[in-house]
Amino acid sequence: MGDKTGTRVFKKSSPNCKLTVYLGKRDFVDHSDQVDPVDGVLLVDPEYLKDRKVFVTLTCAFRYGREDLDVLGLSFRKDLYVSTFQAFPPLLENKKPLTYLQERLLKKLGQHAHPFNFTIPQNLPCSVTLQPGPEDTGKACGVDYELQAFCAKTVDEKLHQRNSVRLVIRKVQYAPEKQGPQPTAEMSRSFLMSDRSLNLEVSLDKELYYHGEPINVNVHVTNNSTKTVKRLKISVRQYADICLFSTAQYKCPVAVVEADDQVSPSSTYCHVYTLTPVLGTNREKRGLALDGKLKHEDTNLASSTIIKEGSSKEMMGIMVSYKIKVKLVVSRGGDVAVELPFVLMHPKPIEPPTPTPPTEVDAAVDTNLIEFEMNSSSQIDDFVFEDFARLRLTGPKVDDDPFP
């Protein structure tokens, strides 16, 4: 038999190695009608626990100020959602059917492993990070999701860093399967002492574009006026609506083309301009919205936010949208401009088939001829464990754990 690819599992241990968290993935997809459940397994040292319990907390937070500014009890952070799960000893009301990955991990890790489950509400935002400046330190501003497991007698007890685990996960959205209507816009402007107008028509090939895909902007100018169009400027703009106590909007150009093409009076002009908005050419722009970033991994421009019906803007944190702006610079007559909204997202990846537990029929097959992944000899051991990058903690130093 050839080499088999094992199931990838992420793990992270507490500094004292008495508590370890296992997760099958770090990205949890919002499918519009439901969000992937956060299902994992905890491995604990029973001798270390003594009379304490193990809790797991899932927090969605919006940080709107630098972490080093958290002084005098003030925190530039708003918790949008907090949920706590008691993993050990397990509670009957928390008991849920095990996922297939949890079943396999429990067999692999033994009797001191315990499952946990979270359901992310659909009205919560996706992970977004605001690009920090060169001099910024600490956690970047934006919306992030953090999973924290810790040992304590009660859930309200002061946490100790040495016996807790913190992991950053992401909530993501992928592009819808169906394209929307083709974006088009038209603008007509008349000038003083002229009875004819300058017409600008702009269209895109489609509404939905993927990250890294070139965008073709079709520009058609009909100049019936007596003015001369001196040049054109085409740009892709990112708009970030910051939804906090009030909504503020920030815009940032992420791709720009300037053309010295002139359109004389009583003439027409047609051209297709191509722009490709990517993070690589915008890394110096502080405050640019990016897709939620995991430590030691690169990211990209933030994907467009798809807002569900009935969602509250106060819960969205940061809403991202994109527009194409085409501006005509007219000699002694001002500018003529139009904007076209479009959607920028990642395509939905092709998901591998979900493995299912073996049935009685499968068990009857001669395993001398076919080696199934479900066999106990191979199924339990075909994991590839990958360490989570440790999240550097800054701020006030926590007290030492009174337990060794």
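**Student:** I'd like a description of the packing of aromatic side chains, backed by residues and values.
**Tutor:** Working definition: an aromatic ring pair is given by the centre-to-centre distance plus the angle between the planes. Scanning all chains against the criterion turns up five aromatic pairs. Each ring, one from Tyr-209 and one from Phe-342, has its centre 5.9 Å from the other, and the planes form 90°; the classification is edge-to-face. Of this pair, Tyr-209 sits in strand S13 (residues 208-210) while Phe-342 sits in strand S20 (residues 334-345); the two residues are 133 residues apart in sequence, bridging distant segments of the chain. Phe-342 matches Tyr-209 in its accessibility class, with the two residues each being buried. Stacked on the ring of Tyr-48, the Lys or Arg Arg-52 has its end atom at 4.5 Å from the ring centre. The positively charged end of Lys-323 is found above the aromatic ring belonging to Tyr-239, 5.1 Å away from the centroid.

**Student:** Tell me about the sheet that holds strand S17 (residues 267-275), and name the residues and values.
**Tutor:** Strand order in this open sheet of four strands is S11-S12-S14-S17, and the pairing throughout is antiparallel. On the outer flanks of this sheet lie strand S11 (184-190) and S17, each paired with one strand and no other. When the angles between neighbouring strand axes are averaged without regard to direction, this sheet yields 15°. Of the pairings in the sheet, the one linking strand S14 (residues 215-223) to S17 comprises nine bridges and is antiparallel in character.

**Student:** Could you give an account of the pattern of salt bridges, naming the residues involved and the relevant values?
**Tutor:** What the rule picks out here adds up to eight salt bridges. As a salt-bridge pair, Lys-18 and Asp-45 come within 3.5 Å of each other at their nearest N and O atoms. Taken as a pair, Lys-18 in the loop between strand S1 (7-13) and strand S2 (19-23) and Asp-45 in the loop between strand S4 (38-44) and helix H1 (46-49) lie far apart in primary sequence, 27 residues in all. Accessibility expressed as a relative area gives 29% for Lys-18, which makes it partly exposed. Its salt-bridge partner being Arg-170, residue Asp-27 comes within 2.7 Å of it at the nearest N-O pair. One end of the pair, Asp-27, is in strand S3 (residues 27-30); the other, Arg-170, is in strand S10 (residues 164-173), and 143 residues separate them in sequence. Judged by relative accessible area, Arg-170 falls into the buried class, the value being 14%.

**Student:** Before we move on, can you summarise the pairing of S11 with the specific residues and values?
**Tutor:** The sheet contact formed by S11 and strand S12 (residues 197-204) spans seven bridges and is antiparallel. Along S12, the bridge assignment pairs Glu-186 with Glu-201. Following S11, the chain reverses through six residues before pairing antiparallel with S12; Met-193 in that reversal takes a positive phi of roughly 65°.

**Student:** Help me get a handle on the nonpolar core, residues and values and all.
**Tutor:** Within the largest apolar cluster, 77 residues are counted, with the highest numbers of intra-cluster contacts made by Val-217 and Ile-324. Ignoring any residue separated from it by four or fewer positions in sequence, one finds Val-217 in contact with Val-202, Ser-203, Leu-204, Ile-234, His-271, Val-272, Tyr-273, Leu-275, Ile-324 and Val-326. By size, the runner-up hydrophobic cluster in this structure holds eight residues, among which are Tyr-22, Val-41, Leu-101 and Leu-109.

**Student:** Talk me through helix H2 (residues 100-109); I want residue IDs and the actual numbers.
**Tutor:** Of all the ten residues making up H2, seven are buried; the element is thus mostly covered by neighbouring parts of the structure. Where H2 is concerned, the buried positions are Tyr-100, Leu-101, Gln-102, Arg-104, Leu-105, Leu-106 and Leu-109. Downstream of H2 by a residue or two, Gly-110 has a phi angle that is positive, lying close to 95°.

**Student:** Explain unusual backbone geometry residue by residue, including any values.
**Tutor:** Here Phe-88 and Pro-89 are connected by a cis peptide whose omega angle stands at -10°. Here Pro-89 is to be found in the loop between strand S6 (77-88) and H2. Its identity is not glycine, yet Cys-17 carries a phi of approximately 60°, on the positive side. The class for Cys-17 is exposed, based on a relative accessible area of 58%.

**Student:** Pulling in residues and values, what's your account of a positive patch on the surface?
**Tutor:** On the surface, Lys-230, Arg-231, Lys-233 and Arg-332 cluster together into a positively charged patch. The partly exposed category is assigned to Arg-231, whose relative accessible area is 35%.

**Student:** So, the environment of His-220: which residues are in play, and what are the values?
**Tutor:** The residue His-220 is located in strand S14 in this model. Judged by its relative accessible area of 27%, His-220 falls in the partly exposed class. Apart from residues no more than four positions distant in its own chain, His-220 is found in contact with Asn-199, Leu-200, Glu-201, Tyr-269 and Cys-270. At 3.3 Å, the side chain of His-220 and the side chain of Thr-222 are in polar contact.

Conventions adopted
Positions within a chain are numbered from 1, following the residues in the order the chain's sequence is written. Restriction of local features to residues with pLDDT of at least 70 applies here, the model being predicted, together with a cutoff of 80 or more for giving and counting side-chain atom pairs; totals for whole chains, interfaces and linings are based on all residues. The side-chain figures draw on all heavy atoms in the structure; neither hydrogens nor water molecules are used. Classification of ring pairs uses Phe, Tyr and Trp, with its six-membered ring standing for Trp, and accepts pairs whose centres are within 6.5 Å; under 30 degrees between planes counts as stacked, over 60 as edge-to-face, and the remaining range as tilted. Comment: elements are numbered from the N terminus, with helices defined as DSSP H or I runs of at least four residues and strands as E runs of at least two. Think of it in three bands: residues with accessible area under 20% of the maximum for their type are buried, residues over 50% are exposed, and the middle band is partly exposed, with areas taken using a 1.4 Å probe on protein chains only. Two limits define a charge over a ring: the Lys NZ or Arg CZ must be within 6 Å of the ring centre, and within 35 degrees of the ring normal. The rule for pairing is simple: two strands pair if DSSP sees at least two bridges between them. Axis angles are defined between N-to-C directions and span 0 to 180 degrees, where every axis is a line fitted to C-alpha atoms and, for a helix, only to the segment in contact. One speaks of a salt bridge when a side-chain nitrogen belonging to Lys or Arg is within 4 Å of a carboxyl oxygen belonging to Asp or Glu. Take the buried Ala, Val, Leu, Ile, Met, Phe, Trp, Tyr and Cys residues and link them wherever side-chain atoms come within 4.5 Å; each set so joined is a nonpolar core. We call two residues in contact whenever any of their non-hydrogen atoms come within 4.5 Å of each other. Note that patches include only residues with greater than 30% relative accessible area and no salt bridge, and the join distances are 9 Å for like charges and 5 Å for nonpolar side chains (Val, Leu, Ile, Met, Phe, Trp, Tyr). Each accessible area is a Shrake-Rupley result for a 1.4 Å probe, and residues are judged covered by the shown protein chains and nothing else. Counting rule applied: Lys, Arg positive; Asp, Glu negative; His and chain ends not counted. Every charge is mapped onto a representative atom, which is NZ of Lys, CZ of Arg, CG of Asp or CD of Glu. Distance and chemistry together define a polar contact, namely a pair of N or O atoms within 3.5 Å, with one atom able to donate a hydrogen and the other to accept it when in protein, and with adjacent residues in sequence counting only for side-chain atoms on both sides.

Functional significance is not addressed by these values, which are geometric in nature.
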